[in-house]
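What follows is each chain in one-letter form.
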Amino acid sequence: MLLKMIPEMNKVSVFMRDRRHVETIIKNMQRAGTSTLQVISDFDMTLTRFAHNGVHCPTTHNVLHSSTLISEECKTKMRDLFAHYYPIEINSSMSEEEKIPHMVEWWTQAHDLLIQQRIRKDQLAQAVRNSGAMLREGYKRFFDVLHQNSVPLLIFSAGVGDILEEVIAGHDIFHPNVRVFSNYMDYDEEGVACAFKGEMIHSFNKREGALQNTQQFIHDRTNVLLLGDTPGDLNMADGVQNLHNILRIGFLNDKVDERMKQYISSYDIVLVKDETLDIPNAILNYITARK
Ligand code: TMP
Ligand code: MG
(Lines give C-alpha, C1' and ligand atoms only; values in the text may rest on other atoms or scores of the structure.)
(Ligands and ions follow the chains in the order given, each with its own letter.)
Protein backbone atom coordinates (compact mmCIF):
# COMPACT_ATOMS: atom_id res chain seq x y z
CA MET A 1 0.00 0.00 0.00
CA LEU A 2 2.76 2.43 0.95
CA LEU A 3 4.43 1.84 -2.40
CA LYS A 4 1.18 2.55 -4.21
CA MET A 5 0.73 5.76 -2.27
CA ILE A 6 4.33 6.85 -2.75
CA PRO A 7 6.14 4.85 -5.46
CA GLU A 8 9.44 6.66 -4.72
CA MET A 9 9.65 4.61 -1.49
CA ASN A 10 10.81 1.79 -3.73
CA LYS A 11 14.21 3.46 -4.07
CA VAL A 12 17.08 1.20 -3.05
CA SER A 13 18.29 3.77 -0.53
CA VAL A 14 15.11 3.48 1.59
CA PHE A 15 15.05 1.33 4.73
CA MET A 16 12.21 1.08 7.24
CA ARG A 17 11.77 -0.75 10.53
CA ASP A 18 7.99 -0.77 10.27
CA ARG A 19 6.46 0.26 6.97
CA ARG A 20 2.91 -0.02 8.32
CA HIS A 21 3.73 2.57 10.93
CA VAL A 22 5.21 4.87 8.28
CA GLU A 23 2.11 4.42 6.16
CA THR A 24 -0.23 5.19 9.07
CA ILE A 25 1.66 8.35 10.04
CA ILE A 26 1.77 9.67 6.47
CA LYS A 27 -1.95 8.99 6.02
CA ASN A 28 -2.73 10.74 9.31
CA MET A 29 -0.72 13.74 8.19
CA GLN A 30 -2.42 13.85 4.82
CA ARG A 31 -5.87 13.67 6.40
CA ALA A 32 -5.05 16.38 8.93
CA GLY A 33 -3.86 18.68 6.13
CA THR A 34 -0.96 21.05 5.69
CA SER A 35 -2.33 23.56 8.20
CA THR A 36 -1.34 21.12 10.98
CA LEU A 37 2.14 20.36 9.63
CA GLN A 38 5.58 21.72 10.45
CA VAL A 39 8.96 20.48 9.28
CA ILE A 40 11.88 20.44 11.71
CA SER A 41 15.22 19.80 10.09
CA ASP A 42 18.91 19.67 10.77
CA PHE A 43 21.12 21.46 8.22
CA ASP A 44 24.65 20.12 7.71
CA MET A 45 24.65 16.77 5.96
CA THR A 46 20.85 16.68 6.09
CA LEU A 47 19.74 19.54 3.83
CA THR A 48 23.26 19.79 2.46
CA ARG A 49 25.06 16.95 0.73
CA PHE A 50 27.50 14.72 2.48
CA ALA A 51 29.53 14.12 -0.69
CA HIS A 52 29.54 14.84 -4.39
CA ASN A 53 31.49 12.74 -6.89
CA GLY A 54 33.27 11.04 -4.01
CA VAL A 55 34.43 14.29 -2.40
CA HIS A 56 33.15 15.50 0.99
CA CYS A 57 30.98 18.62 0.74
CA PRO A 58 31.72 21.37 3.27
CA THR A 59 29.66 21.88 6.41
CA THR A 60 28.82 25.47 7.40
CA HIS A 61 31.91 25.54 9.66
CA ASN A 62 34.04 24.49 6.71
CA VAL A 63 32.47 26.61 3.97
CA LEU A 64 35.06 29.35 4.34
CA HIS A 65 37.89 26.91 3.57
CA SER A 66 37.60 27.80 -0.09
CA SER A 67 37.79 31.55 0.64
CA THR A 68 40.49 33.99 1.65
CA LEU A 69 38.49 35.17 4.68
CA ILE A 70 40.34 32.75 6.92
CA SER A 71 44.07 32.02 6.95
CA GLU A 72 45.69 28.83 5.68
CA GLU A 73 46.79 28.12 9.24
CA CYS A 74 43.21 28.36 10.46
CA LYS A 75 42.04 26.01 7.69
CA THR A 76 44.69 23.45 8.61
CA LYS A 77 43.79 23.64 12.28
CA MET A 78 40.07 23.25 11.55
CA ARG A 79 40.76 20.28 9.28
CA ASP A 80 42.86 18.70 12.03
CA LEU A 81 40.02 19.22 14.48
CA PHE A 82 37.59 17.62 12.04
CA ALA A 83 39.92 14.65 11.52
CA HIS A 84 40.11 14.14 15.26
CA TYR A 85 36.55 14.83 16.41
CA TYR A 86 34.29 13.75 13.52
CA PRO A 87 35.18 10.05 14.04
CA ILE A 88 34.15 10.52 17.68
CA GLU A 89 30.87 12.17 16.64
CA ILE A 90 29.91 9.15 14.51
CA ASN A 91 31.48 6.43 16.66
CA SER A 92 28.74 3.84 17.19
CA SER A 93 30.40 2.24 20.20
CA MET A 94 30.45 5.41 22.32
CA SER A 95 27.41 6.74 24.19
CA GLU A 96 26.17 10.29 23.68
CA GLU A 97 27.23 11.12 27.23
CA GLU A 98 30.76 10.01 26.48
CA LYS A 99 30.80 12.06 23.30
CA ILE A 100 29.48 15.35 24.72
CA PRO A 101 32.73 16.59 26.37
CA HIS A 102 34.56 15.95 23.09
CA MET A 103 31.92 17.83 21.11
CA VAL A 104 32.14 20.80 23.50
CA GLU A 105 35.92 20.81 23.00
CA TRP A 106 35.51 20.67 19.21
CA TRP A 107 33.00 23.49 18.98
CA THR A 108 34.88 25.67 21.48
CA GLN A 109 38.14 25.37 19.56
CA ALA A 110 36.51 25.81 16.14
CA HIS A 111 34.62 28.93 17.27
CA ASP A 112 37.76 30.40 18.85
CA LEU A 113 39.63 29.85 15.58
CA LEU A 114 36.90 31.48 13.51
CA ILE A 115 36.69 34.49 15.81
CA GLN A 116 40.47 35.04 15.59
CA GLN A 117 40.06 35.49 11.82
CA ARG A 118 38.28 38.84 12.06
CA ILE A 119 35.68 37.79 9.52
CA ARG A 120 33.80 40.73 8.03
CA LYS A 121 30.04 40.41 7.81
CA ASP A 122 29.90 42.23 4.48
CA GLN A 123 32.27 39.71 2.85
CA LEU A 124 30.45 36.62 4.02
CA ALA A 125 27.79 36.42 1.31
CA GLN A 126 30.30 36.51 -1.54
CA ALA A 127 32.61 33.97 0.13
CA VAL A 128 29.72 31.58 0.71
CA ARG A 129 28.49 32.03 -2.87
CA ASN A 130 31.94 31.06 -4.18
CA SER A 131 32.22 28.06 -1.87
CA GLY A 132 31.49 24.41 -2.62
CA ALA A 133 28.43 24.33 -0.31
CA MET A 134 25.88 22.04 -1.92
CA LEU A 135 22.29 21.44 -0.96
CA ARG A 136 20.86 18.02 -1.69
CA GLU A 137 19.35 17.41 -5.10
CA GLY A 138 15.69 18.44 -5.04
CA TYR A 139 16.28 21.24 -2.51
CA LYS A 140 14.41 23.83 -4.55
CA ARG A 141 11.26 21.78 -4.74
CA PHE A 142 11.50 21.01 -1.02
CA PHE A 143 11.77 24.65 0.06
CA ASP A 144 9.27 25.89 -2.53
CA VAL A 145 6.56 23.32 -1.72
CA LEU A 146 6.77 24.15 1.97
CA HIS A 147 6.55 27.85 1.16
CA GLN A 148 3.64 27.45 -1.26
CA ASN A 149 1.71 25.46 1.35
CA SER A 150 2.62 27.84 4.20
CA VAL A 151 4.26 25.01 6.13
CA PRO A 152 6.86 26.32 8.61
CA LEU A 153 10.38 24.96 8.23
CA LEU A 154 12.40 25.16 11.44
CA ILE A 155 16.10 24.54 10.90
CA PHE A 156 18.03 23.50 14.03
CA SER A 157 21.69 23.56 13.29
CA ALA A 158 24.85 23.17 15.32
CA GLY A 159 26.60 24.81 12.38
CA VAL A 160 27.25 28.54 11.92
CA GLY A 161 23.96 30.40 11.48
CA ASP A 162 25.39 33.38 9.56
CA ILE A 163 26.87 31.02 6.97
CA LEU A 164 23.80 28.82 6.85
CA GLU A 165 21.62 31.85 6.11
CA GLU A 166 23.95 32.93 3.31
CA VAL A 167 23.80 29.42 1.80
CA ILE A 168 20.01 29.39 1.66
CA ALA A 169 19.73 33.05 0.65
CA GLY A 170 22.29 32.42 -2.10
CA HIS A 171 20.04 29.69 -3.50
CA ASP A 172 16.95 31.96 -3.37
CA ILE A 173 15.12 29.71 -0.94
CA PHE A 174 15.21 31.75 2.27
CA HIS A 175 11.42 32.09 2.17
CA PRO A 176 9.46 33.75 5.01
CA ASN A 177 8.28 30.35 6.35
CA VAL A 178 11.90 29.41 7.24
CA ARG A 179 13.22 29.97 10.76
CA VAL A 180 16.78 29.17 11.75
CA PHE A 181 18.13 28.30 15.22
CA SER A 182 21.88 28.03 15.16
CA ASN A 183 25.20 29.46 16.39
CA TYR A 184 25.30 33.11 15.31
CA MET A 185 28.27 35.43 15.39
CA ASP A 186 28.29 38.83 17.05
CA TYR A 187 29.90 41.74 15.22
CA ASP A 188 31.69 44.83 16.52
CA GLU A 189 30.87 48.33 15.27
CA GLU A 190 33.16 47.79 12.28
CA GLY A 191 31.22 44.71 11.22
CA VAL A 192 33.95 42.26 12.27
CA ALA A 193 32.93 38.98 13.96
CA CYS A 194 34.09 39.20 17.58
CA ALA A 195 32.23 36.39 19.42
CA PHE A 196 29.53 33.78 19.13
CA LYS A 197 26.19 34.72 20.66
CA GLY A 198 24.29 32.79 23.31
CA GLU A 199 24.66 29.18 24.29
CA MET A 200 26.65 26.96 21.99
CA ILE A 201 24.66 24.38 20.05
CA HIS A 202 26.63 21.21 19.34
CA SER A 203 25.47 17.90 17.86
CA PHE A 204 24.19 16.44 21.10
CA ASN A 205 22.47 19.27 22.97
CA LYS A 206 19.69 20.02 20.50
CA ARG A 207 17.09 18.27 22.67
CA GLU A 208 18.15 20.23 25.74
CA GLY A 209 17.98 23.47 23.74
CA ALA A 210 14.57 22.53 22.36
CA LEU A 211 13.19 21.86 25.84
CA GLN A 212 14.62 25.08 27.27
CA ASN A 213 13.35 27.25 24.45
CA THR A 214 9.90 25.86 23.76
CA GLN A 215 8.75 29.32 22.62
CA GLN A 216 10.69 28.79 19.41
CA PHE A 217 8.27 26.03 18.34
CA ILE A 218 4.91 26.31 16.69
CA HIS A 219 2.59 24.56 19.10
CA ASP A 220 -0.62 24.55 17.11
CA ARG A 221 0.97 22.47 14.36
CA THR A 222 0.81 19.02 15.86
CA ASN A 223 2.25 16.97 13.00
CA VAL A 224 5.99 17.00 12.48
CA LEU A 225 8.19 15.78 9.67
CA LEU A 226 11.69 15.61 11.14
CA LEU A 227 14.88 15.32 9.10
CA GLY A 228 18.30 14.60 10.54
CA ASP A 229 21.57 12.83 10.01
CA THR A 230 22.80 12.04 13.51
CA PRO A 231 21.19 10.47 16.56
CA GLY A 232 21.45 13.93 18.16
CA ASP A 233 18.81 15.18 15.68
CA LEU A 234 16.15 12.64 16.72
CA ASN A 235 14.78 14.71 19.58
CA MET A 236 14.74 18.14 17.96
CA ALA A 237 10.92 18.18 18.12
CA ASP A 238 10.73 17.39 21.84
CA GLY A 239 9.74 20.97 22.62
CA VAL A 240 6.53 20.78 20.56
CA GLN A 241 3.48 20.54 22.79
CA ASN A 242 0.57 18.28 21.77
CA LEU A 243 2.54 16.34 19.22
CA HIS A 244 0.11 14.05 17.35
CA ASN A 245 2.18 12.47 14.61
CA ILE A 246 5.89 12.52 13.97
CA LEU A 247 7.79 10.96 11.10
CA ARG A 248 11.56 10.90 11.51
CA ILE A 249 13.71 10.59 8.41
CA GLY A 250 17.42 9.96 8.93
CA PHE A 251 20.19 10.29 6.36
CA LEU A 252 22.81 7.63 6.98
CA ASN A 253 25.74 9.05 5.05
CA ASP A 254 28.79 7.35 6.40
CA LYS A 255 29.91 4.12 8.15
CA VAL A 256 26.68 2.48 7.06
CA ASP A 257 27.31 -1.07 8.26
CA GLU A 258 28.37 -0.01 11.73
CA ARG A 259 25.52 2.40 12.28
CA MET A 260 22.56 0.84 10.46
CA LYS A 261 21.25 -0.97 13.53
CA GLN A 262 21.15 2.24 15.55
CA TYR A 263 19.52 4.25 12.75
CA ILE A 264 16.88 1.69 11.81
CA SER A 265 15.82 1.33 15.44
CA SER A 266 15.42 5.08 15.96
CA TYR A 267 14.53 6.73 12.61
CA ASP A 268 11.25 5.70 10.91
CA ILE A 269 12.85 5.97 7.49
CA VAL A 270 16.58 5.60 6.94
CA LEU A 271 18.05 6.90 3.68
CA VAL A 272 21.36 5.24 2.97
CA LYS A 273 23.91 7.21 0.94
CA ASP A 274 21.07 9.09 -0.71
CA GLU A 275 22.25 12.56 -1.73
CA THR A 276 18.75 13.69 -2.73
CA LEU A 277 15.62 15.00 -1.06
CA ASP A 278 13.51 12.68 -3.24
CA ILE A 279 11.87 10.87 -0.33
CA PRO A 280 10.97 13.95 1.77
CA ASN A 281 9.69 15.55 -1.46
CA ALA A 282 7.59 12.51 -2.37
CA ILE A 283 6.09 12.39 1.13
CA LEU A 284 5.32 16.13 1.01
CA ASN A 285 3.81 15.66 -2.41
CA TYR A 286 1.43 13.04 -1.01
CA ILE A 287 0.59 15.06 2.08
CA THR A 288 -0.02 18.30 0.21
CA ALA A 289 -2.03 16.75 -2.64
CA ARG A 290 -5.64 17.91 -2.70
CA LYS A 291 -8.07 15.29 -1.45
P1 TMP B 1 24.34 20.43 11.94
O2 TMP B 1 23.70 20.45 13.30
O3 TMP B 1 23.75 21.48 11.04
O4 TMP B 1 24.39 19.10 11.32
O5 TMP B 1 25.88 20.90 12.14
C6 TMP B 1 26.77 20.15 12.89
C7 TMP B 1 27.84 19.49 12.06
O8 TMP B 1 28.96 20.38 11.93
C9 TMP B 1 28.38 18.26 12.75
O10 TMP B 1 27.96 17.10 12.11
C11 TMP B 1 29.89 18.41 12.70
C12 TMP B 1 30.14 19.61 11.83
N13 TMP B 1 31.30 20.43 12.22
C14 TMP B 1 32.26 20.68 11.24
O15 TMP B 1 32.15 20.20 10.12
N16 TMP B 1 33.33 21.47 11.54
C17 TMP B 1 33.50 22.04 12.77
O18 TMP B 1 34.48 22.75 12.99
C19 TMP B 1 32.49 21.78 13.78
C20 TMP B 1 32.62 22.36 15.15
C21 TMP B 1 31.41 20.98 13.44
MG1 MG C 1 23.86 17.32 10.52
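Quick look at the structure, then. (Residues numbered from 1 in each chain as written. Chains lettered and ligands numbered in written order. Predicted model: local features only at pLDDT ≥ 70, side-chain atom pairs only at ≥ 80, totals over all residues. Heavy atoms only, no water.)

## Topic: the pattern of salt bridges
Turning to step 1, where the next piece is worked out: Summed over the entire model, instances satisfying the criterion amount to 12 salt bridges.
Turning to step 2, where the next piece is worked out: Notably, a salt bridge pairs Glu73 with Lys77, separated by 3.1 Å at the nearest N-O pair. Of the two residues, Glu73 and Lys77 are both situated in helix H3 (residues 72–89); the distance of four residues between them amounts to about one turn of the helix.
Turning to step 3, where the next piece is worked out: According to the relative accessible area criterion, Glu73 is exposed, its value standing at 53%.
Turning to step 4, where the next piece is worked out: Lys77 gets classed as partly exposed once you look at its relative accessible area, which sits at 39%.
Turning to step 5, where the next piece is worked out: The residue Arg207 makes a salt bridge to Asp238 at a minimum N-O spacing of 2.5 Å. With a gap of 31 residues between them, Arg207 in helix H8 (residues 206–212) and Asp238 in the loop between strand S9 (223–228) and strand S10 (245–252) connect regions that are remote in the sequence.
Turning to step 6, where the next piece is worked out: Given the relative accessible area of 40%, Arg207 is considered partly exposed.
Turning to step 7, where the next piece is worked out: By relative accessible area, Asp238 is classed as partly exposed at 25%.
Turning to step 8, where the next piece is worked out: Within this structure, Lys11, Asp274 and Asp278 form a network of salt bridges that share partners. (Salt bridge = Lys/Arg side-chain N within 4 Å of Asp/Glu carboxyl O. Helix = DSSP H or I, 4+ residues; strand = E, 2+ residues; numbered from the N terminus. Buried < 20%, exposed > 50% of the residue type's maximum accessible area, 1.4 Å probe, protein only.)

## Concerning the packing of aromatic side chains
Turning to step 1, where the next piece is worked out: Scanning the entire structure with this criterion turns up eight aromatic pairs.
Turning to step 2, where the next piece is worked out: Ring centres of Phe156 and Phe181 lie 5.1 Å apart, and the angle between their planes is 40 degrees; on these two criteria the pair is classed as tilted. Of the two residues, Phe156 sits in strand S5 (residues 153–160) while Phe181 sits in strand S6 (residues 178–183), which places them 25 residues apart along the sequence.
Turning to step 3, where the next piece is worked out: Taken together, the aromatic side chains of Phe82, Tyr85, Tyr86, Trp106 and Trp107 make up a single cluster linked through ring pairs.
Turning to step 4, where the next piece is worked out: A cation over an aromatic ring shows up here: Arg136 above the ring of Phe251, its NZ or CZ 3.9 Å from the ring centre. (Phe/Tyr/Trp six-rings, centres within 6.5 Å; stacked < 30°, edge-to-face > 60°. Lys NZ or Arg CZ within 6 Å of the ring centre and 35° of its normal.)

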